[in-house]
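Commentary on secondary and tertiary structure
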Amino acid sequence: QYAVLLTMVLTVLVKYALHALDLRRDSPWDSKAVYMLYTELFTGLVKVLLYVAFMTIMIKVHTFPLFAIRPMYLAMR
């Protein structure tokens, strides 16, 4: 679960850096939205992969982790 939190923190840092770069520019940055979209897509993909890995480990070690279904569904959606 800490890996998912770490990806969320890194996402916030990347978004902050993009906003800071936009504020430093003299003219409006037209492609900032594209970079923000790619950041969100990459973060969602990493979250889904982490949840799948977590569920795989939990199934092998213990039982089916029912509590992990909702966060994985939200990340995939």
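Residues numbered from 1 in each chain as written. Predicted model: local features only at pLDDT ≥ 70, side-chain atom pairs only at ≥ 80, totals over all residues. Heavy atoms only, no water.

If you tally the helices and strands in the chain, you get 3 helices and 0 strands. Along the chain, helices (α) and strands (β) appear in the sequence α-α-α when read from the amino end. Taken over the C-alpha trace, the chain has a radius of gyration of 16 Å; the compact-globule value for 77 residues is 11 Å, which it surpasses by more than 25%. By its C-alpha atoms, the chain is 55 × 20 × 15 Å across when sized along the principal axes. In the chain, buried positions account for 22% of the 77 residues. Within the chain, contacts between residues separated by at least 24 positions form 47% of all contacts whose residues are at least 6 apart in sequence. Total accessible area on the chain is roughly 6200 Å²; 71% of this is exposed by carbon and sulfur atoms. Once the 8 positive and 4 negative side-chain charges of the chain are each reduced to a mean point, those two points are 16 Å apart. (Helix = DSSP H or I, 4+ residues; strand = E, 2+ residues; numbered from the N terminus. Rg over C-alpha atoms; globule rule 2.2 N^0.38 Å. Buried < 20%, exposed > 50% of the residue type's maximum accessible area, 1.4 Å probe, protein only. Contact = heavy atoms within 4.5 Å. Areas by Shrake-Rupley, 256 points an atom, 1.4 Å probe, with all protein chains shown as cover. Lys, Arg positive; Asp, Glu negative; His and termini not counted. Charge placed at Lys NZ, Arg CZ, Asp CG, Glu CD.)

The next subject is the packing of aromatic side chains. Geometrically, a pair of aromatic rings is defined through the distance of the ring centres and the angle of the planes. This model, assessed by the stated rule, comprises 1 aromatic pair. Ring plane angle 35° and centroid distance 5.5 Å describe the contact between Trp29 and Tyr35, whose orientation is recorded as tilted. For Trp29, a relative accessible area of 18% corresponds to the buried category. Assessed through its relative accessible area of 42%, Tyr35 is described here as partly exposed. (Phe/Tyr/Trp six-rings, centres within 6.5 Å; stacked < 30°, edge-to-face > 60°.)

Within the secondary structure layout, Arg77 lies in the segment after helix H3 (69–76). The sequence separation of Arg77 and Tyr16 amounts to 61 residues, and the corresponding C-alpha distance is 24 Å.

Moving on to the pattern of salt bridges. In total, this model carries 2 salt bridges according to the counting rule given. A salt bridge links Glu40 to Lys15, with the shortest nitrogen-to-oxygen separation between them at 2.3 Å. Here Glu40, found in helix H2 (residues 32–61), pairs with Lys15, found in helix H1 (residues 2–24); they are 25 residues apart in sequence, far enough to count as distant. Glu40 gets classed as partly exposed once you look at its relative accessible area, which sits at 38%. (Salt bridge = Lys/Arg side-chain N within 4 Å of Asp/Glu carboxyl O.)

This part is about a nonpolar patch on the surface. Judged by side-chain polarity, Leu6, Val9, Leu10 and Leu13 come together as a nonpolar surface patch covering roughly 370 Å² of accessible area. With respect to the element layout, Val9 can be found in helix H1. By relative accessible area, Val9 is classed as partly exposed at 46%. (Patch = residues over 30% accessible without salt bridge, like charges linked within 9 Å, V, L, I, M, F, W, Y side chains within 5 Å.)

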